[in-house]
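# An overview of the molecular structure
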Amino acid sequence: MAKAPTVIGVLTEPPAPTWWKANRHKVFGIGGLLIGYLIGTHLAGAPQQPETPRPGHSTPAPGEQHSTRTAHGLAA
């Protein structure tokens, strides 16, 4: 006759993971993307030094003659 089967071990299903264990990679991924976006848009680098102001007009080159118009009738 055949031998009776022997029990080696008992398999049980593990408990279902909690919400945090199932979704923490998504939370960290979205958090990392958000932090990266904020760093990329708000920390663009050191502020640039303003350029030195340039004159609004230029003097004529030496040797050029320009006629100047004056208002007639006004006291100088």
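Refer to the structure printed above.
Just so you know, these numbers come straight off a predicted model, no measurement behind them.

### Points about the overall build of the chain
From N to C terminus, the chain includes 1 helix and 0 strands. In the chain, which comprises 76 residues, the share counted as buried stands at 1%. Summed over all atoms, the accessible surface of the chain reaches about 8500 Å², with 63% contributed by carbon and sulfur.

### A word on the packing of aromatic side chains
All chains considered together, the criterion is met by 1 aromatic pair. A centroid spacing of 5.6 Å and a plane angle of 80° characterise the contact between Trp20 and Phe28, whose relative ring orientation is edge-to-face. Taking relative accessible area as the criterion, Trp20 reaches 39% and is therefore assigned partly exposed.

### Quick look at a nonpolar patch on the surface
A cluster of nonpolar side chains, namely Trp19, Trp20, Val27 and Phe28, defines an oily patch on the protein surface of about 470 Å² accessible area. On the secondary structure map, Trp19 appears in helix α1 (residues 19-42). Judged by relative accessible area, which is 58%, Trp19 ranks as exposed.

Definitions and limits used
Residues numbered from 1 in each chain as written. Predicted model: local features only at pLDDT ≥ 70, side-chain atom pairs only at ≥ 80, totals over all residues. Heavy atoms only, no water. Helix = DSSP H or I, 4+ residues; strand = E, 2+ residues; numbered from the N terminus. Buried < 20%, exposed > 50% of the residue type's maximum accessible area, 1.4 Å probe, protein only. Areas by Shrake-Rupley, 256 points an atom, 1.4 Å probe, with all protein chains shown as cover. Phe/Tyr/Trp six-rings, centres within 6.5 Å; stacked < 30°, edge-to-face > 60°. Patch = residues over 30% accessible without salt bridge, like charges linked within 9 Å, V, L, I, M, F, W, Y side chains within 5 Å. Salt bridge = Lys/Arg side-chain N within 4 Å of Asp/Glu carboxyl O.

So yeah, pure geometry; function would need other evidence.
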